Amino acid sequence: MADPSAKIIMPAKPHIVVVDDHRDIRDLVGAYLSQHDFRVSLADGGPTLRAVLEQGSADLIVLDIMMPDEDGLDICRKIRAETQVPIIFLTALADETDRIIGLELGADDYLVKPFNPRELLARIRAVLRRVKMVQQATPEASHAGVVQFDQWTLNLGRRELESRDGLSVALSTAEFRLLQVFLDHPRRVLTREALLDLTVGRTADPFDRSIDNQVSRLRKKIETDPKNPTIIQTHWGGGYSLVAEVVPK
């Protein structure tokens, strides 16, 4: 018989921080997310966000790019220097460069203004699911999950890339995610749509070239001659493939 005095421990609601200098937007988003079983904190800029984070951890940050004093890109840089908390950017339609830079800085997704709160909710849930899956799959031991390809060794647990000569190369969050996807699917042609779905969990629009920019940046770090790549090849009209042999250690 169950103990009537026993307490039922309910799972904690995911904590979402909404950062936007427009009060009407953050209040609307905050109210909507609260109705869908999230714990929500609101911030009007970087200082308020940092104060919220000092009081406790966040599970995800919804971050506007265009804000006075300190924009979302600068805030993202500072956050990524300290933590890997997921970030979804809110951006204007014309700011394609900002969207690309945001993904390069380590943002997990972006949403164009004006947006439907239901779409934001779906993006948040998708990112949180993906983060949970990665956490469950990440090796606990720092020496686990080491793979070799071409002249490189990647430690998946530490996110460290090292050349055969012992040269260590720093990878951004976006570059690491992209390289990991290629290593998980060696010698397979992956379309831009597939790469975008596997790295950030969303579909591409016809003018989205963020994957091409990320591939270009990654090539500059791992290819001997980025203009004539031998590790990541381009398939015109098809996508990209990693052609090097991948060997787990």
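Described in the following lines is the structure provided in the data block. This is a predicted model, so every value here is computed, not measured.

The rules behind these values
Residues numbered from 1 in each chain as written. Predicted model: local features only at pLDDT ≥ 70, side-chain atom pairs only at ≥ 80, totals over all residues. Heavy atoms only, no water. Helix = DSSP H or I, 4+ residues; strand = E, 2+ residues; numbered from the N terminus. Contact = heavy atoms within 4.5 Å. Areas by Shrake-Rupley, 256 points an atom, 1.4 Å probe, with all protein chains shown as cover. Pairing = 2+ DSSP bridges. Buried < 20%, exposed > 50% of the residue type's maximum accessible area, 1.4 Å probe, protein only. Arc of directions from axis to C-beta.

Some details on the overall build of the protein
Here comes step 1: When helices and strands are counted, the protein shows 8 helices and 12 strands.
Here comes step 2: Taking the contacts inside the protein whose residues are at least 6 apart along the sequence as the reference set, 56% of them involve residues at least 24 apart.
Here comes step 3: Surface exposure of the protein reaches about 14000 Å², of which carbon and sulfur atoms provide 52%.

Focus on the environment of Leu105
Here comes step 1: As for its placement among the helices and strands, Leu105 is situated in helix α4 (residues 96-105).
Here comes step 2: Those residues in contact with Leu105 that lie beyond four places of it in its chain are Leu73, Cys76, Arg77 and Arg80.

Brief notes about the pairing of strand β7 (residues 152-155)
Here comes step 1: Relative to β7, strand β6 (residues 146-149) runs antiparallel, the two sharing 4 bridges. Considered in β7, the bridge of Val147 is made with Leu154.
Here comes step 2: Linkage of β6 to β7, two consecutive antiparallel strands, is achieved through a turn of 2 residues, within which Asp150 is found at a positive phi near 50°.
Here comes step 3: Pairing of β7 with strand β8 (residues 160-163) involves 4 bridges; the strand directions are antiparallel. The residue of β8 that forms the bridge with Leu154 is Leu161.

Re helix α3 (residues 72-80)
Here comes step 1: Residues of α3 that are buried: Gly72, Leu73, Ile75, Cys76, Ile79 and Arg80. All buried residues of α3 fall inside an arc of 160° around its axis, so they share one side.

Details of unusual backbone geometry
Here comes step 1: Residue Pro114 follows Lys113 across a cis peptide bond; omega there is -10°.
Here comes step 2: Notably, Asp69 is not glycine yet its phi reads approximately 70°, a positive angle.
Here comes step 3: By secondary structure assignment, the location of Asp69 is in the loop between β3 (60-64) and α3.
Here comes step 4: For Asp69, a relative accessible area of 87% puts it in the exposed group.
Here comes step 5: Although it is not a glycine, Arg187 sits at a positive phi angle of roughly 60°.
Here comes step 6: Tracing the sequence through the fold places Arg187 in the loop between α6 (173-184) and α7 (192-200).
Here comes step 7: On the basis of relative accessibility, which here comes to 56%, the residue Arg187 falls in the exposed class.

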